[in-house]
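Observations on the model geometry
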Amino acid sequence: MELLLDLLCLCLLCLTGKILCDENEQKYIIVKEGTDVVLPCSLSTKEDIESKVFDWRKVAQKDDGLKEVFMYEKGFHYNNGRPGQSEEFKGRVSHFEDELKHGNASIIIRNTKEADSGDYTCHFPRLHQMFHLKLVVVAPEPDINIIDATDDGVLLQCEVRGAAPKPRVEWQDRDGNKLPAEDPQVSERGDRYHITLQTTVTKTSCCRCVVTQEETNRRTHAEIYVAIIVKMSIWTKILGAVLGILAFVLGVAVAAFLLRRMYIKNK
Ligand SMILES: *[C@@H]1O[C@H](CO)[C@@H](O)[C@H](O)[C@H]1NC(C)=O
């Protein structure tokens, strides 16, 4: 009975813990750089907010001040003449007009950049309500392709598309040592970089292509395992030679044996 009570208490604790935790939990949104993202914010009352005020801000970070992302006041906002929006969000943020009557103040940020990562607040000043969420914009992962496989090794290509700012790309072995590679090929598209980097792998190993954004110190990587099968032809030749010699020795032995028997018989 006591045990049962203990269990019950424990369960209640778990439950309340979970609820508390969920309430305090900051919403996380993770998107790939260059895509669009909807930052959700809705009043639980679902009341019409067409004639209300809400303000989206990006919280100040260590070397970056507070940013005005999107402000709406009774139909007057940053996309129809309202001044005050932070430069980096101009022309990239919209709200959802049709959703306002359901208490939905979500916004969409188009063409996300790594610099958009951070904490955002959605504030209804007159309603004394504030919502928090965290946006993480991650650099796109590189792609690895096998371009060629010859007796000299396997030619691998790492490709990074649409990265900004310009990242450092390098090939590493499984221990993180830099592998020799050709010079990277870099092309610029708008303010984004497209980089390819080739390397030739000559022994069985695990290689990764590591993309580093120096400014933000963010890294992504892709891996490939290259198994190089030692040149078949040589081994086939050696095997052939060994078998040939064995066959020859065996043949000689058999012949000697037969000759000896014939010799004994004739005697
Ligand atoms: C608010 O509107 C956005 C955009 O249409 C939508 O994605 C989201 O699900 C809506 N939120 C709610 C709670 O309905």
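In this numbering scheme, every chain counts its residues from 1 along its sequence in written order. Only residues with pLDDT of at least 70 are given local features in this predicted model, and only at 80 or more are side-chain atom pairs given and counted; all residues enter the totals for whole chains, interfaces and linings. Excluded from the side-chain calculations are hydrogens and water; all other atoms, namely the structure's heavy atoms, are used.

Attention now moves to the pattern of salt bridges. Here, a salt bridge means any Lys or Arg side-chain nitrogen found within 4 Å of an Asp or Glu carboxyl oxygen. Scanning the model with the defined rule gives 15 salt bridges in all. Where Arg92 meets Asp116, a salt bridge forms, and the shortest distance between an N and an O atom there is 2.9 Å. With Arg92 in the loop between β5 (76-77) and β6 (93-95) and Asp116 in the loop between β7 (107-109) and β8 (118-124), this residue pair connects regions lying 24 residues apart in the sequence. In this structure, Arg92 and Asp116 share a single accessibility class: buried. One salt bridge connects Arg161 with Glu159, and the closest N-O pair in it is separated by 3.5 Å. When salt bridges with common partners are traced through the structure, they connect Asp55, Arg57 and Glu68 into a single cluster. Think of it this way: any DSSP run of H or I at least four residues long counts as a helix, any run of E at least two long counts as a strand, and we number them from the N terminus. Think of it in three bands: residues with accessible area under 20% of the maximum for their type are buried, residues over 50% are exposed, and the middle band is partly exposed, with areas taken using a 1.4 Å probe on protein chains only.

In this fold, Arg82 is placed in the loop between β5 and β6. Classification of Arg82 by relative accessible area gives buried; the value is 16%. Through-space distance from the C-alpha of Arg82 to that of Met71 is 8.3 Å; in sequence the pair is eleven residues apart. Contact between two residues is taken to exist if any of their heavy atoms lie within 4.5 Å; hydrogens are not considered. Beyond its immediate chain neighbours, meaning those up to four positions away, Arg82 contacts Met71, Glu73, Phe76 and His77. Here a polar contact means two N or O atoms within 3.5 Å. Within protein one must be a hydrogen donor candidate and the other an acceptor candidate, and residues neighboring in sequence count only if both atoms are side-chain atoms. Within the structure, the side chain of Arg82 is placed 3.5 Å from the backbone oxygen of Phe76, a separation counted as a polar contact.

Our focus in this paragraph is the site of the ligand. Only heavy atoms are used to decide nearness, and a residue is near a molecule or strand if one of them lies within 4 Å of it. Lining the immediate surroundings of the ligand are Ser42, Phe96, Glu99, Asn104 and Ser106. Within the side chain of Glu99, a nitrogen or oxygen atom sits 3.3 Å from an oxygen atom of the ligand. Between Asn104 and the ligand, the recorded distance is 2.4 Å, taken from a side-chain N or O atom to an oxygen atom. Accessible areas in this description were obtained via Shrake-Rupley with a 1.4 Å probe; residue shielding takes into account the shown protein chains only. For the ligand, whose free accessible area comes to 360 Å², the fraction covered by protein is 50%. Looking at side-chain class alone, the shell around the ligand contains one nonpolar, three polar and one charged residues. Residue polarity follows a fixed list, in which Ala, Val, Leu, Ile, Met, Phe, Trp, Tyr, Cys and Pro are nonpolar, Asp, Glu, Lys and Arg are charged, and the others, Gly among them, are polar.

With that settled, the discussion passes to the pairing of β8. Among the seven residues of β8, five are classified as buried, and the element is accordingly described as predominantly covered. For two strands to count as paired, DSSP must find a minimum of two bridges between them. As paired elements, strand β3 (residues 53-58) and β8 share four bridges and run antiparallel to each other. Within the sheet, the bridge partner assigned to Arg57 lies in β8 and is Thr121. Both β8 and strand β9 (residues 129-138) contribute to a ladder of seven bridges, which runs antiparallel. If you follow Asp119 over to β9, its bridge partner there is Lys134. Remark: four residues form the turn of the hairpin made by β8 and β9, two consecutive strands paired antiparallel; His128 in that turn has positive phi of roughly 55°.

Let's shift gears to the sheet that holds strand β4 (residues 67-73). Strand order across the open sheet formed by six strands is β1-β9-β8-β3-β4-β5, with mixed pairing between neighbours. Since the sheet does not close on itself, it has two edges, and those belong to β1 (27-32) and β5, each with one partner. Of the strand pairs in this sheet, β4 and β5 are connected by two bridges, and their pairing is antiparallel. Across the sheet, residue Glu73 finds its bridge partner in β5, namely Phe76.

Looking at the element boundaries, Ser106 is found in the loop between β6 and β7. Overall, the relative accessible area of 6% leaves Ser106 in the buried class. Engagement of the side chain of Ser106 in a polar contact is seen with the backbone nitrogen of Cys41, the distance being 3.2 Å. A polar contact of 2.6 Å, which involves the side chain of Ser106, links it to the side chain of Asn104. Once you skip the residues sitting within four places of it in the chain, Ser106 turns out to touch Val38, Leu39, Pro40, Cys41, Trp56, Ser94, His95 and Phe96.

In short, geometric facts, not functional conclusions.
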